[in-house]
Amino acid sequence: GAGEKREMGTLEKIECKGKEMLFSFKTSAGIVKLAASQPPSIRMFAPDLAGVQFGCGMKPIEFPSVFIYTDKPNAKAKTAGDIVSIDFMPKIFSLD
């Protein structure tokens with residue numbers, strides 16, 4: 001949508017700080033850190049990750065993900081914007 005960006009990477013970690021969750025994704029360009037208010041209102045698609053618990057302090061997920069976020073950097077929080085959706089793909093997926 002307008003004012004949103006789409007990227008591909010792997011979810012490295014989820015941290016909780018106060019009322020926010022911070023999602024860190026590893027992309028080809030580096031780490032992208034995104035915020036989500038609690039409780040998060042993130043659309044998530046993860047057909048190959050049945051039984052995986054998403055939450056604070058989780059371990060990296062080695063599946064590629066396409067994630068969409070608002071393009072509103074926050075210098076104080078060191079985030080690139082707010083997470084909108086995460087789609088976890090099969091390991092052979094590539095974004096064209």
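Residues numbered from 1 in each chain as written. Predicted model: local features only at pLDDT ≥ 70, side-chain atom pairs only at ≥ 80, totals over all residues. Heavy atoms only, no water.

Overview of the overall build of the chain
Of regular secondary structure, the chain possesses zero helices and six strands. Listed by position from the N terminus, the elements making up the chain come as β-β-β-β-β-β. The C-alpha atoms of the chain give a radius of gyration of 13 Å, which matches the 12 Å a tight globule of 96 residues would have. Burial status across the chain gives 35% buried among its 96 residues. Across the chain, the mean location of the 13 positive side-chain charges is 7 Å away from that of the 11 negative side-chain charges. (Helix = DSSP H or I, 4+ residues; strand = E, 2+ residues; numbered from the N terminus. Rg over C-alpha atoms; globule rule 2.2 N^0.38 Å. Buried < 20%, exposed > 50% of the residue type's maximum accessible area, 1.4 Å probe, protein only. Lys, Arg positive; Asp, Glu negative; His and termini not counted. Charge placed at Lys NZ, Arg CZ, Asp CG, Glu CD.)

Purely spatial values, then, with no claim about function.
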